Amino acid sequence: MKALTKAEEQVMKYLWELEKGYLKDIVAQYPDPAPAYTTVSTVVNVLVKKGFIGFETHGKSKEYYPLVAKETYAKESLQGMMHTFFNDSPKQFASFFTQESELSVDELKELQEMIAAEIKKQQDNG
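Here goes a summary of the coordinates provided. These numbers come from a predicted model, not from an experiment.

Criteria and cut-off values
- Residues numbered from 1 in each chain as written.
- Predicted model: local features only at pLDDT ≥ 70, side-chain atom pairs only at ≥ 80, totals over all residues.
- Heavy atoms only, no water.
- Salt bridge = Lys/Arg side-chain N within 4 Å of Asp/Glu carboxyl O.
- Helix = DSSP H or I, 4+ residues; strand = E, 2+ residues; numbered from the N terminus.
- Buried < 20%, exposed > 50% of the residue type's maximum accessible area, 1.4 Å probe, protein only.
- Pairing = 2+ DSSP bridges.
- Contact = heavy atoms within 4.5 Å.
- Axes fitted to C-alpha atoms, helices over the stretch in contact; angles between N-to-C directions.
- Parallel < 35°, antiparallel > 145°, perpendicular 65-115°, else oblique.
- Nonpolar A, V, L, I, M, F, W, Y, C, P; charged D, E, K, R; others polar.
- Polar contact = N/O pair within 3.5 Å; in protein donor to acceptor, adjacent residues only side chain to side chain.

Bringing the pattern of salt bridges into the picture now. Applying the stated criterion across every chain yields a total of 6 salt bridges. Notably, a salt bridge pairs Glu118 with Lys121, separated by 3.8 Å at the nearest N-O pair. Pair noted here: Glu118 and Lys121 are both in helix α6 (residues 105–125), with a separation of 3 residues, about one helical turn. On the accessibility criterion, Glu118 (33% relative accessible area) is partly exposed.

Structure follows, in C-alpha cells:
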C-alpha cells in the first residue's frame, strides 16, 4: 500500500468519518481557514488514482467513499513505521511507546489489562 501525504491522510480522515460524501462535504469538515476547494479536489483525485477512494456519479456530481478501511491503513502504516524505526520489533515499539508517550498510571494499567487479556485469549486458543 502506498504511503499517503499529510494532506491525503487528512482527506481520508474526513472521508472515514463521513463514510460517503461529496467534495463539498469533505471541504466542510476542515476547520477555518479551510484549504481551497480546488486544492481538496486535487487531493481527492490523487487518492482516487492511488485506489484509496472510489466514487459514484450522480448527474454532474461525484459521491466519494473510502476503498481502504481506516483500520487497514492504520495497520499497514504501523507495520511500516515498525520496520523503519524499530527493526520490525513490536517489543522495541512497545518499549518506546510506553516510555515516550507520557502515559498516566491508569493508562499503563489499562494497557497491562489489555495485554493480559490477549495473552489469555492466545493461551486458550493455543
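This brings us to the sheet that holds strand β2 (residues 53–58). In space, the 3 strands of this open sheet follow the order β1-β3-β2, with antiparallel pairing throughout. If you trace the sheet from one side to the other, it starts and ends with β1 (21–22) and β2, each paired once. Here 2 bridges tie β1 to strand β3 (residues 61–66), and the two strands are oriented antiparallel to one another. What sits directly across from Tyr22, in β3, is Glu63. Packed on one face of the sheet, helix α1 (residues 6–18) meets β1, β2 and β3 and runs near 90 degrees to β3. Sheet contacts for helix α3 (residues 37–50): β2 and β3; angle to β2, the most-contacted strand, approximately 110 degrees.

Turning to the packing of α1 against α3, a few remarks are in order. Two quantities define a packed helix pair, namely the angle between the axes and the distance from one axis to the other. Taken N-terminus to C-terminus, the directions of α1 and α3 make an angle of 85 degrees; their axes are 10 Å apart at the nearest point. When the interaxial angle is binned, α1 and α3 end up roughly perpendicular. Judged by residue contacts, Ala7, Glu8, Val11 and Met12 of α1 engage Val40, Val43, Val44, Val46, Leu47 and Lys50 from α3. Of the residues belonging to the contact of α1 with α3, the class tally is 8 nonpolar, no polar and 2 charged.

This part is about the environment of Val44. Relative to the assigned elements, Val44 resides in helix α3. Taking relative accessible area as the criterion, Val44 reaches 0% and is therefore assigned buried. Sequence spacing of Val44 and Val11 is 33 residues, and the spatial spacing of their C-alpha atoms is 7.2 Å.

With that out of the way, let us pick up the side chain of Glu8. With respect to the secondary-structure elements, Glu8 resides in helix α1. Residue Glu8 is classed as buried on the basis of its relative accessible area of 7%. Within the structure, the side chain of Glu8 is placed 2.9 Å from the backbone nitrogen of Thr5, a separation counted as a polar contact. The residues contacting Glu8, other than those within four sequence positions of it, are Ala3, Val43, Val46, Leu47 and Lys50.

For the peptide bond that leads from Asp32 to Pro33, omega is -5 degrees, which places it in the cis range. Of note, Pro33 is situated in the loop between α2 (23–29) and α3. Phi is positive for Asn87, close to 50 degrees, though the residue is something other than glycine. You can see Asn87 is positioned in the loop between α4 (70–86) and α5 (90–100). According to the relative accessible area criterion, Asn87 is exposed, its value standing at 59%. Even without being a glycine, Glu102 presents a positive backbone phi close to 55 degrees. Relative to the assigned elements, Glu102 resides in the loop between α5 and α6.

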